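Descriptive analysis of the structure
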Amino acid sequence: ASLPRPAGAEAIAALSPDLVIIAEFTAAETRAAIEQLGIRTLELRGWNGFADYRLHVGEIATALDAPALGDARVARFD
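Because the structure is a prediction, the values reported are computed rather than measured. (Residues numbered from 1 in each chain as written. Predicted model: local features only at pLDDT ≥ 70, side-chain atom pairs only at ≥ 80, totals over all residues. Heavy atoms only, no water.)

Across its full length, the protein chain carries four helices and two strands. Projected onto its principal axes, the C-alpha coordinates of the protein chain cover approximately 35 × 25 × 25 Å. Residue burial in the protein chain is summarised as follows: out of 78 residues, 28% are buried. In the protein chain, once contacts between residues fewer than 6 apart in sequence are set aside, the share between residues at least 24 apart is 18%. Taken as a whole, the protein chain presents about 5600 Å² of accessible surface, with 57% of it coming from carbon and sulfur. Side-chain charges in the protein chain split into 7 positive and 11 negative, and the spacing between the mean points of these groups amounts to 5 Å. (Helix = DSSP H or I, 4+ residues; strand = E, 2+ residues; numbered from the N terminus. Buried < 20%, exposed > 50% of the residue type's maximum accessible area, 1.4 Å probe, protein only. Contact = heavy atoms within 4.5 Å. Areas by Shrake-Rupley, 256 points an atom, 1.4 Å probe, with all protein chains shown as cover. Lys, Arg positive; Asp, Glu negative; His and termini not counted. Charge placed at Lys NZ, Arg CZ, Asp CG, Glu CD.)

This paragraph deals with the nonpolar core. One finds Ala9, Ile12, Val20, Ile22, Ala33, Ile34 and Ile39 forming the largest nonpolar core, which totals seven residues. For this core, the secondary structure elements donating two or more residues are helix H1 (9-14), strand E1 (20-23) and helix H2 (28-36). Apart from residues lying up to four places away in sequence, valine 20 is in contact with Ile12, Ile34, Ile39, Arg40, Thr41 and Leu42. (Core = buried A, V, L, I, M, F, W, Y, C linked by side-chain atoms within 4.5 Å.)

Right, let's talk about unusual backbone geometry for a bit. The phi torsion of most residues other than glycine is negative, and most of the peptide bonds are trans. At serine 16, a position not held by glycine, the phi torsion is positive, near 50°. Relative to the helices and strands, serine 16 is located in the loop between H1 and E1. Residue classification places serine 16 among the exposed positions, given a relative accessible area of 58%. Within the chain, aspartate 65 stands out as a residue other than glycine whose phi angle is a positive 55°. Inspection of the secondary structure puts aspartate 65 in the loop between helix H3 (50-63) and helix H4 (67-77).

As a further point, take the side chain of histidine 56. Note that histidine 56 resides in helix H3. The class of histidine 56 is buried, set by a relative accessible area of 5%.

Glancing now at the packing of aromatic side chains. Counted by the stated rule, this structure contains three aromatic pairs. Note on tyrosine 53 and phenylalanine 77: the rings are 4.6 Å apart at their centroids and 40° apart in plane angle, and the pair reads as tilted. You can see tyrosine 53 sitting in helix H3 and its partner phenylalanine 77 sitting in helix H4, a full 24 residues away along the chain. With a relative accessible area of 32%, tyrosine 53 lands in the partly exposed category. Among the residues examined, phenylalanine 77 registers a relative accessible area of 33% and is labelled partly exposed. These aromatic residues form a ring-pair network of at least three members: Phe50, Tyr53 and Phe77. (Phe/Tyr/Trp six-rings, centres within 6.5 Å; stacked < 30°, edge-to-face > 60°.)

As structure tokens, this is what we get:
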């Protein structure tokens with residue numbers, strides 16, 4: 001809640017992110033614009049419980065080249 005969420009690809013691009021994390025329900029026009037801007041994205045799919053949470057933590061950690069941090073986060077969660 002303390003971090004503002006930019007709305008739209010232009011607002012996202014203005015932040016010059018190294019990685020944008022999206023979900024399968026992210027608006028198609030936002031996805032297309034982000035891809036056209038050449039911004040690296042990670043799409044998280046599946047939102048059906050704790051197993052998906054664990055999976056997403058691992059995916060994010062891998063995308064950030066920090067798999068050990070992801071493993072530690074999941075271990076604390078468990």
